[in-house]
Amino acid sequence: MPKWLNDAVFYEIYPQSFYDSNGDGIGDINGIIEKLDYVRSLGCNAIWLNPVYDSPFMDAGYDVRDYYKVAPRYGTNEDLVRLFEAAHRKEMKILLDLVPGHTSDTHPWFQVAKRAKQSELSNRYIFTKSVWDAPPEYRLMCGICERDGNYMVNYFSSQPALNYGFNVITHPEWQLPPEHPDCQQTVEAIKAIMRFWLDKGADGFRVDMADSLVKNDDEKYATAKIWRGVREMLDKEYPEAAMVSEWCHPDRAINDAGFHMDFYLDHYGNGYSRLFRFGEWGDLSVFNPNGLGDLKGFAEEYLPAYNRTKGNGFISFMTNNHDMPRVSAYHDKQTIKLINAFIFTMPGVPFLYYGDEIGMRYQRDLISKEGGFSRTGSRTPMQWCQGKNLGFSTSDKPYLPVDLSDDAPTVENQKDDPDSIYRIVTDMIAIRHKNSDLHGNGELEFVYKDGEIPFAYRRGSTVMFFNPLGKEAEISTDCVGDVVYKIGEAVISDGKVKMQPQSFLMIKEN
Ligand code: NOJ
């Protein structure tokens, strides 16, 4: 396990929207290099970069055309290497996004595989035996290739699934077992891509749809087996490299598959939404001031998963990512402050989505860009300062419009505001780094397990009290110590914490 993960705080950068250094309207790698000090100044010591590979951008780069080449709109491979080097000089790590489940339909492998002529790439993707063979239980694109067969899709239609085989074979005439040499070749192809970028200085990968490799694999054992093999390769050849999975099932991702980290998202009905997003617009989430949230449901789902994976890897909380509406779509500023206090004091390795530190808003009703659809509103340009495109780009045609409201938050107008989300985020990250109780593998004990709100949890000798409610509340406690941090008003005395509406208190016991 790479040691650096224990005190890592990640920043997710959606490259096309971060900073445009050459005025063409689109963010680029040199722009990220220019802003590294900013990211570092937040306290983030690691970055997850969404895909920067050559792509037709039907799914914002998750449709890869060439895994070995940086998309020209972002720069060159040399620029990416310079980013690795610049980051390392600042003691920061960079994880690239690995998309192993599918490629773009413009990828040369697919161009060859879809031809009628048999070749060594014919089994790189999943094709049925003939175009008349289209079992409805599979997502297939029918009758559009020269080859007599339909291909399986992993996500959008332009993203054919790579072939890692089928764990349960229902159609032997076209489904291969994962052990088939051609499926093994797909695994080797992905490992080769990983080695290529690790050799150039990448520090690891965020793995897209990590659970999607082997088909008909309900318990995901066969998929996990592939990742175990990848982890063995890393342990042997790149022991400092890390992988975080988009799996959202820590038992499988960490314990079975060997990922170092797994995102805590709302797939498989886990508690992420319960905490921050349940209900039409967050009204049934734990942090909503109305008190209707289901903390018990969260604790009963999260705590066992945490206990089972503790020591093997980290569950990663995130402020948001590029696939969900920003949390500002659901909650008021005070609630968001409390949410950040929670995310950055929980165990695991936290992720901050670009712009969340300044409370960037979800932009509703934007026309979809590059397959973003409803996600487009969370992918708008980073807001740096007053002026054209809020400092993102000098172009008249930015990738997406910036927030046009008069009070749009920017780094410039939030940085010195003591009442800002920025202040809470940067304070919490700084406190986290300084206090090893709060590091990834520090202890966790939920003091109020019965699911009552307000609630508290202890991490070593540091205790966090939260009152997300819109009314005053009290928590009895045997904790005695010094106040480290407060949001809103809360006082500890005589075995009680008296908490004003929507408040947070951190105590370090003496
Ligand atoms: C998950 C990614 O986060 C998302 O943006 C993408 O569209 C799909 N996987 C498909 O790769």
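Residues numbered from 1 in each chain as written. Predicted model: local features only at pLDDT ≥ 70, side-chain atom pairs only at ≥ 80, totals over all residues. Heavy atoms only, no water.

Chemist: Just give me the short version of the site of the ligand, but keep the residues and values in it.
Modeler: Near the ligand you find Asp59, Tyr62, His102, Tyr155, Arg206, Asp208, Met209, Glu246, His322, Asp323, Arg375 and Arg379, and these make up its full shell. A distance of 3.1 Å separates an oxygen atom of the ligand from a polar atom in the side chain of Arg206. Contacts to the ligand include His322, whose side-chain N or O atom sits 2.8 Å from an oxygen atom. Coverage of the ligand by the protein chains reaches 98% of its 300 Å² of free accessible surface. Looking at the shell around the ligand, its residues break down into three nonpolar, two polar and seven charged. (Near = heavy atom within 4 Å. Polar contact = N/O pair within 3.5 Å; in protein donor to acceptor, adjacent residues only side chain to side chain. Areas by Shrake-Rupley, 256 points an atom, 1.4 Å probe, with all protein chains shown as cover. Nonpolar A, V, L, I, M, F, W, Y, C, P; charged D, E, K, R; others polar.)

Chemist: So what about unusual backbone geometry? Which residues, and what values?
Modeler: In terms of backbone geometry, most residues other than glycine have negative phi values and most peptide bonds are trans. With an omega of 5°, the peptide bond between Ile453 and Pro454 qualifies as cis. In the Ramachandran plot, Leu390 falls in the positive-phi region, its phi being about 45° despite a non-glycine side chain. Note that Leu390 resides in the loop between strand E12 (351-353) and helix H11 (411-415). (Helix = DSSP H or I, 4+ residues; strand = E, 2+ residues; numbered from the N terminus.)

Chemist: Account for the packing of helix H10 (residues 333-343) against helix H12 (residues 421-434), naming residues and giving values.
Modeler: It is at 9 Å that the axes of H10 and H12 come closest, and there the two elements cross at 15°. The orientation of H10 relative to H12 falls into the category roughly parallel. With respect to the hand of their crossing, H10 and H12 are arranged in right-handed fashion. On H12, the residues that touch Lys333, Ile336, Lys337, Asn340, Ala341 and Ile343 of H10 are Ile421, Ile424, Val425, Met428 and Arg432. Of the residues assigned to the contact of H10 with H12, the class counts are seven nonpolar, one polar and three charged. (Axes fitted to C-alpha atoms, helices over the stretch in contact; angles between N-to-C directions. Parallel < 35°, antiparallel > 145°, perpendicular 65-115°, else oblique. Left-handed = near helix turned anticlockwise from the far one by under 90°. Contact = heavy atoms within 4.5 Å.)

Chemist: Please give an account of the sheet that holds strand E16 (residues 473-476) that cites residues and values.
Modeler: Pairing is antiparallel across the open sheet formed by three strands, whose spatial order is E16-E19-E18. The sheet is open, and its two edges are formed by E16 and strand E18 (490-493), each paired on a single side. Sheet twist, expressed as the average angle between the axes of neighbouring strands with direction ignored, equals 15°. Pairing geometry for E16 and strand E19 (residues 496-499), over four bridges, is antiparallel. Bridge pairing in E19 places Ser476 opposite Lys496. (Pairing = 2+ DSSP bridges.)

Chemist: An account of a nonpolar patch on the surface is needed here, citing residue identities and associated values.
Modeler: The grouping of Phe278, Leu284 and Leu292 at the surface amounts to a nonpolar patch, some 260 Å² of accessible area in total. Taking the relative accessible area as the measure of exposure, Leu284 reaches 36% and is therefore partly exposed. (Patch = residues over 30% accessible without salt bridge, like charges linked within 9 Å, V, L, I, M, F, W, Y side chains within 5 Å. Salt bridge = Lys/Arg side-chain N within 4 Å of Asp/Glu carboxyl O. Buried < 20%, exposed > 50% of the residue type's maximum accessible area, 1.4 Å probe, protein only.)

Scope: geometric values only; no functional claims are made or implied.
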